[in-house]
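One-letter residues, chain by chain:
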Amino acid sequence: MSKKIIGQTLLEVANAIESGEFGKKVKIGLTTLGSEHGVVNLVNGANLANSNLFDIVLIGPKVDTDLEIVEVNCEKDMHNKMEELLDSGYIDACVTMHYNFPIGVSTVGRVITPGKGKEMILATTTGTSATNRIESMVRNAIYGVATAKSIGIKKPKVGILNVDGARQVEKCLKELKENGYDLEFAESIRADGGSVMRGNDLLAGAPDVMVTDTLSGNIFMKVFSSFTTGGDYESSGYGYGPGVGEDYNRKILILSRASGTPVVANALKYAYDVAKGNVSQIAKNEFKVAKKAKFDEIISSTTKKEVKTSEEVKCPEKEVVTTQISGIDIMDLEEAVKELWKNNVYADSGMGCTGPIVLVNEAKGEIAVKILLKAGYTAK
């Protein structure tokens, strides 16, 4: 018995020296039922990812492999066993498909952008961070930052994709930053810059963390991972990523049922990264700092603004409008125009090449910006 213990200890020391990883070896689970490409596709991904850095535990039917298998034969039992192994600490993280997270938890994807071959975090790709769209995207930003830090990006630069709500999200994040939350904004590669990102920035990987709503993020994940294959086989990237929340401890990473062997292998490596970096603890820490920076108050004021009733405002006499005011979210555009009307400044709404704009007479551009800023809009 003592010889066996000594032998095991020596083997662990030898593995640690070879891998450079000392202490308890990380174990990553992989469920093997549910793929559109079959069990073998997933097992091949596990074999491809197999290294001295971490151990892989397959959860599913018996197959011919040297990897450890926890045998189950239906998806329901498979997920029950996965949760049991995670909660007991037997495995540190698990890669699976089609898992239902609680509200407040969303997955943070990791892609390889086609423009410059740069890795980029997509926040988020599945799940519901909050029932309110703006709060959800602000939370997505924090989830993305936490995930980026867990994989070794010490000061991730954040960009907000130009979808509905982007300007309000930018405003919230800037207020958090002003209140002490340490956040670095990315700069668009387009000539006019800014932290609100265009499609070009998405392709080039301009930010470390690209913030978007979850449904859009899910589509982008699918496009990035399978644009060279026609869509039925995801061949690129790291999968849809870990479920992250303000107070969520299970490290469960999501694959699509269309994910191919290369993505399976990368997802296992991604799982190792976030387990080793302890993404759950980092997310908790990020939210502690965000709460001190008045996260709740900022979100509350934004939510109230969204649900306010629209009042009837008389339109001033029409004028020629040639001066553009940008920075206002599309969801706030009509209210911003009415705010100017209330102050006897004629304005129209429009869509410029960088997003929604308010149009006013050239002589009233400066006063219009002052009125909008005073009313709480982000205008420039």
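So, here's what we can say about the structure. (Residues numbered from 1 in each chain as written. Predicted model: local features only at pLDDT ≥ 70, side-chain atom pairs only at ≥ 80, totals over all residues. Heavy atoms only, no water.)

Attention now goes to the overall build of the chain. Within the chain one finds twelve helices and 15 strands. Principal axes of the C-alpha set define a box for the chain whose edges measure 90 × 45 × 35 Å. The buried share among the 380 residues of the chain stands at 51%. Considering only residue pairs separated by 6 or more positions, the chain has 70% of its internal contacts joining residues 24 or more positions apart. Per element, the accessible surface of the chain, about 17,700 Å² overall, is 52% carbon and sulfur. Taken as two groups, the 45 positive and 49 negative side-chain charges of the chain have centres that lie 4 Å from each other. (Helix = DSSP H or I, 4+ residues; strand = E, 2+ residues; numbered from the N terminus. Buried < 20%, exposed > 50% of the residue type's maximum accessible area, 1.4 Å probe, protein only. Contact = heavy atoms within 4.5 Å. Areas by Shrake-Rupley, 256 points an atom, 1.4 Å probe, with all protein chains shown as cover. Lys, Arg positive; Asp, Glu negative; His and termini not counted. Charge placed at Lys NZ, Arg CZ, Asp CG, Glu CD.)

Moving on, we get to the layout of surface pockets. Leftover empty space is mapped by rolling, across the atoms, a probe with the size of a water molecule. The volume enclosed by the second largest pocket comes to roughly 260 Å³. Forming the walls of the second largest pocket are 17 residues, and the residues nearest its centre are Tyr-99, Thr-126, Gly-127, Asn-218 and Ile-254. Breaking the lining of the second largest pocket down by element, the ones donating at least two residues are strand S6 (119-128), helix H7 (214-226) and strand S12 (252-255). Here the lining of the second largest pocket takes four residues from H7, the largest share from any one element. Grouping the constituent residues of the lining of the second largest pocket by class yields seven nonpolar, eight polar and two charged. (1 Å grid on protein atoms, 1.4 Å probe; cavity = no way out; pocket = protein on both sides within 12 Å on 5 of 7 lines; lining within 4 Å. Points joined across faces, edges and corners; volume = space filled by probe spheres on them. Nonpolar A, V, L, I, M, F, W, Y, C, P; charged D, E, K, R; others polar.)

What follows concerns the packing of aromatic side chains. Evaluated as defined, the whole model comprises six aromatic pairs. A centroid spacing of 5.1 Å and a plane angle of 75° characterise the contact between Tyr-99 and Phe-101, whose relative ring orientation is edge-to-face. Taken together, the ring pairs connect Tyr-99, Phe-101 and Tyr-248 into an aromatic cluster. Here the guanidinium or amino end of Arg-110 rests over the ring plane of Tyr-238, the centre of that ring lying 4.1 Å away. The aromatic ring of Tyr-270 is capped on one face by Arg-110, whose charged end is 4.9 Å from the ring centroid. (Phe/Tyr/Trp six-rings, centres within 6.5 Å; stacked < 30°, edge-to-face > 60°. Lys NZ or Arg CZ within 6 Å of the ring centre and 35° of its normal.)

One can find Asp-208 in the loop between helix H6 (199-204) and strand S10 (209-211). Not counting residues within four places of it along the chain, the set of residues in contact with Asp-208 comprises Lys-118, Met-120, Ile-121, Ile-153, Lys-155, Pro-156 and Lys-157. A distance of 2.8 Å separates the side chain of Asp-208 from the backbone nitrogen of Lys-157, its partner in a polar contact. (Polar contact = N/O pair within 3.5 Å; in protein donor to acceptor, adjacent residues only side chain to side chain.)

Take the pattern of salt bridges next. Within this structure, the stated rule accounts for 25 salt bridges. Across the pair Arg-139 and Glu-246 runs a salt bridge, and its minimum N-O distance is 3.1 Å. Of this pair, Arg-139 sits in helix H4 (residues 133-150) while Glu-246 sits in the loop between strand S11 (241-245) and S12, and the two are 107 residues apart along the sequence. Residue class for Glu-246 comes out partly exposed when judged on its relative accessible area of 28%. Here Lys-171 ties to Glu-175 by a salt bridge, and the two come within 2.9 Å at their closest N and O atoms. (Salt bridge = Lys/Arg side-chain N within 4 Å of Asp/Glu carboxyl O.)

Attention shifts here to the pairing of strand S1 (residues 26-31). Most of S1 sits out of view: six of its six residues are buried. Crossover connection from S1 via helix H2 (residues 38-49) to parallel strand S2 (residues 54-60): handedness right-handed. Here S1 runs beside strand S4 (residues 93-97); their pairing, made up of three bridges, is parallel. Bridge assignment links Gly-29 to a residue of S4, and that residue is Cys-94. (Right-handed = clockwise from strand over helix to strand, strands pointing away. Pairing = 2+ DSSP bridges.)

This next bit is on a nonpolar patch on the surface. Nonpolar side chains collect at one region of the surface, where Ile-219, Val-223 and Phe-227 lie side by side and expose about 300 Å² of accessible area between them. Counting through the fold element by element, Ile-219 comes out in helix H7. (Patch = residues over 30% accessible without salt bridge, like charges linked within 9 Å, V, L, I, M, F, W, Y side chains within 5 Å.)

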